[in-house]
Structure formats: structure tokens, C-alpha cells
Amino acid sequence: HLSFSEVKSLAAMVGGGGGAKHRDVRVIATLSRFVLEQAEAAGHALTLSEFGVEFINDTCWCMLGDVVPFPPIQSARTLITNSGKYAHYAPGLVNRSGFKVRYSGLAGCVAAARTGRAPP
């Protein structure tokens, strides 16, 4: 789950005029309902939504049976996460041949969202 400070940082990164989200990329943020309410009140949720961020609240990625509980991009080959926990568990949860899971910081996740390419 993203903390409020991570949401604030992410909103600053995507709202800073650095470019749009790549059309073939999904950006999904998990956070608590409380943090989402804080983000909405501060205007960060709107900034993130305008960039194309989708929100999942009150659920842990590790509890999901697939990458997301709604239709994923089936052509996706790489999942990039800033969560060490999910980077560890996702390969066993995703079960898709050739699918890679990469760990990166928020800046690397944003760079990948803009370019459609995994960070080095």
C-alpha cells in the first residue's frame, strides 16, 4: 500500500509536466481507503487519475489471483512495482510464461509508465 507521502511524491512526479502515460501501460496504485481520502482532499488523487493511475484500496496485491481483479493487459510482459513484498510474491502469483516482475523505486515506475519500457 502506498503511504500518503508516497502518493504525494507520485503525484508530483506525474503532474510535473514530464510527459503522458504510455498508451499500452497500466498504472495501478494500492492504498488504504484512509490514504485515498487524504489524497482526494489534497488533490493528489485527481492528478494521479488524470495521468491514468487506477486505484485499488483496502486490498493487498498478494491476495489477488491475477495481476489485477479486472481485465489486465494480456500482452503485458513485465510488471514493475515499488513493493519489495509484491516483487517477491508476484512471480508465483501471476503464473504467466515469460512474465517478468521487476522492483524499482517510484521514479523508475513513473519512467516505465511514460516510456512503456522497464527501467535498467
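Computed from a prediction, not measured in an experiment: that's the story for all the values here.

Regarding the environment of Ser83
- Inspection of the secondary structure assignment puts Ser83 in the loop between β3 (78-81) and α4 (84-94).
- Taking the relative accessible area as the measure of exposure, Ser83 reaches 24% and is therefore partly exposed.
- It is 8.2 Å that separates the C-alpha atoms of Ser83 and His1, two residues lying 82 residues apart in sequence.
- At 3.0 Å, the side chain of Ser83 and the backbone nitrogen of Tyr86 are in polar contact.

Remarks on the pairing of β3
- On β3, burial follows the alternation: Leu79 and Thr81 on one face are buried, whereas Thr78 and Ile80 on the facing-out side are not.
- In terms of strand pairing, β3 meets strand β4 (residues 100-103) through 4 bridges, oriented parallel. Across the sheet, residue Thr78 finds its bridge partner in β4, namely Lys100.

Concerning the nonpolar core
- In this structure, Leu2, Val7, Leu10, Leu31 and Leu48 are the most contacted members of the largest nonpolar core, which totals 19 residues.
- Of all the secondary-structure elements, those providing two or more residues to this core are α1 (4-14), β1 (27-31), α2 (33-42), α3 (44-51) and α5 (106-115).
- With 4 residues, α1 is the largest single contributor of residues to this core.
- Ignoring any residue separated from it by four or fewer positions in sequence, one finds Leu48 in contact with Val7, Leu10, Ala11, Val14, Val53 and Phe55.

What to know about the pattern of salt bridges
- What the rule picks out here adds up to 2 salt bridges.
- Residue Glu54 is joined to Arg26 by a salt bridge in which the shortest nitrogen-to-oxygen separation is 2.6 Å. Of this pair, Glu54 sits in strand β2 (residues 53-57) while Arg26 is found in the loop between α1 and β1, placing the two residues 28 residues apart along the sequence.
- In this structure Glu54 comes out as partly exposed when scored by relative accessible area, which is 25%.
- A relative accessible area of 25% means that Arg26 is categorised as partly exposed.

Cut-off values and rules
Residues numbered from 1 in each chain as written. Predicted model: local features only at pLDDT ≥ 70, side-chain atom pairs only at ≥ 80, totals over all residues. Heavy atoms only, no water. Helix = DSSP H or I, 4+ residues; strand = E, 2+ residues; numbered from the N terminus. Buried < 20%, exposed > 50% of the residue type's maximum accessible area, 1.4 Å probe, protein only. Polar contact = N/O pair within 3.5 Å; in protein donor to acceptor, adjacent residues only side chain to side chain. Pairing = 2+ DSSP bridges. Core = buried A, V, L, I, M, F, W, Y, C linked by side-chain atoms within 4.5 Å. Contact = heavy atoms within 4.5 Å. Salt bridge = Lys/Arg side-chain N within 4 Å of Asp/Glu carboxyl O.

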